[in-house]
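Observations on chain architecture
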Amino acid sequence: MGAPRLVFDEQGRGMAYYASGRVAACCTAKTSYSSCFYFYRDDKKNTPLCTIDDKMCGFADAKDGSRFVLSKKGGIWSDGDGTIRREWTWGEGSKPPLVTLKLSNELTLEFADRETCEVRLRFANCSRDFDVSLKVKRKGSYLDTATRGLKGALDPQ
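This report concerns the structure included in the present document. Since the model is a prediction, treat every value here as computed from it, not as a measurement.

What follows is about the pattern of salt bridges. Tallied over the entire structure, the rule returns nine salt bridges. Between R22 and D42 there is a salt bridge; the shortest N-O distance is 3.2 Å. One end of the pair, R22, is in the loop between β2 (14–17) and β3 (23–29); the other, D42, is in the loop between β4 (35–40) and β5 (48–52), and 20 residues separate them in sequence. What makes D42 partly exposed here is its relative accessible area of 33%. Between D54 and K55 there is a salt bridge, with the nearest N and O atoms lying 3.7 Å from each other. In this structure K55 comes out as partly exposed when scored by relative accessible area, which is 43%.

Put into C-alpha cells, the structure is as follows:
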C-alpha cells in the first residue's frame, strides 16, 4: 500500500494508480493526435468502469447502476434498472443530453457532446482531467481549402 500515483509522458499517455497499487486509469496512443482511455474500479478484479476509444465509442458504468454507451451511430443513457433515459443519433438534429456520472469515489464522467467529454480523477494528494472527446485531424472538409492542380484535380492542403 502506498499513495496514489500518476505516471504520464509529455503527450499525456500513461497510467494512474490507486493507493492499493491497482490501475485507476490508462491512456494509450492510437495515432499522433488521438488516444484510447480505460478507467477501472479499485477492486480485486480491476473491473472496467469506462472505456472510450479514439472514435468516441465506448461505455461508462456509474455507481448508481446507470449506464452510458456511445457508438459511431449515437448513444444511449439508461437508468440502473435498464430503463432508457435518452437515446440519440449523431448529426440528425437530436442533441445529446448533458450527462454527469459518478463512476466511483475517485472518477466522474462529464459529457456534453462528442467534442466535449471529460473524465475527472480525484485522489486526496493528486488529480488529473482526461479529455476523452473525439479528436479529428481535420476540422471541416478538405474541399474548403483544396486548390485546383494543373490537370484540374483538387489538391488537399
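The next point concerns the nonpolar core. By size, the foremost hydrophobic cluster in this structure holds 33 residues, and its most contacted members are F39, F68, L101, L109, F111 and F130. Where this core is concerned, the elements lending two or more residues are β3, β4, β5, β7 (67–70), β10 (99–102), β11 (107–113) and β12 (116–122).

Let's shift gears to the pairing of β2. In the sheet, strand β1 (residues 5–8) pairs with β2 via four bridges, with the strands oriented antiparallel. The residue of β2 that forms the bridge with R5 is Y17. Joining the antiparallel neighbours β1 and β2 is a turn of five residues, in which G12 adopts a positive phi near 90°. Sheet analysis places β2 next to β3, joined by four bridges and oriented antiparallel. Looking across to β3, one finds that G14 is bridged to C27.

Aromatic rings in a pair are described by how distant their centres are and how their planes are angled relative to each other. Taken as a whole and assessed by the stated rule, the structure comprises nine aromatic pairs. Their ring planes at 75° and their centres at 6.4 Å tell us that F37 and F130 sit as a pair that is edge-to-face. Linking F37 in strand β4 with F130 in strand β13 (residues 127–131), this pair joins segments that are 93 residues apart in sequence. Taken as a pair, F37 and F130 share a single burial class, namely buried.

Ordered in space as β10-β11-β12-β13, the four strands form an open sheet in which the pairing is antiparallel. Each of the sheet's edge strands pairs with one partner strand only, and the pair in question is β10 and β13. Direction aside, neighbouring strands of the sheet carry axes that sit 15° apart on average. Relative to β12, β11 is paired through six bridges, and the arrangement is antiparallel. Looking at β12, one finds that D113 is bridged to T116.

Attention now moves to unusual backbone geometry. With a phi angle near 50°, N46 is a residue other than glycine that sits in the positive phi range. Within the element layout of this structure, N46 appears in the loop between β4 and β5. With a phi angle near 65°, M56 is a residue other than glycine that sits in the positive phi range.

So, about the sheet that holds β3. The strands making up a sheet associate through backbone hydrogen bonding, with each pair oriented either parallel or antiparallel. The antiparallel open sheet is built from nine strands, whose spatial order is β1-β2-β3-β4-β5-β6-β7-β8-β9. Looking at which strands have only one partner, the edges of the open sheet turn out to be β1 and β9 (84–89). In this sheet, neighbouring strand axes are inclined to one another by 10° on average, regardless of whether the strands run parallel or antiparallel.

Parameters and conventions
Residues numbered from 1 in each chain as written. Predicted model: local features only at pLDDT ≥ 70, side-chain atom pairs only at ≥ 80, totals over all residues. Heavy atoms only, no water. Salt bridge = Lys/Arg side-chain N within 4 Å of Asp/Glu carboxyl O. Helix = DSSP H or I, 4+ residues; strand = E, 2+ residues; numbered from the N terminus. Buried < 20%, exposed > 50% of the residue type's maximum accessible area, 1.4 Å probe, protein only. Core = buried A, V, L, I, M, F, W, Y, C linked by side-chain atoms within 4.5 Å. Pairing = 2+ DSSP bridges. Phe/Tyr/Trp six-rings, centres within 6.5 Å; stacked < 30°, edge-to-face > 60°. Axes fitted to C-alpha atoms, helices over the stretch in contact; angles between N-to-C directions.

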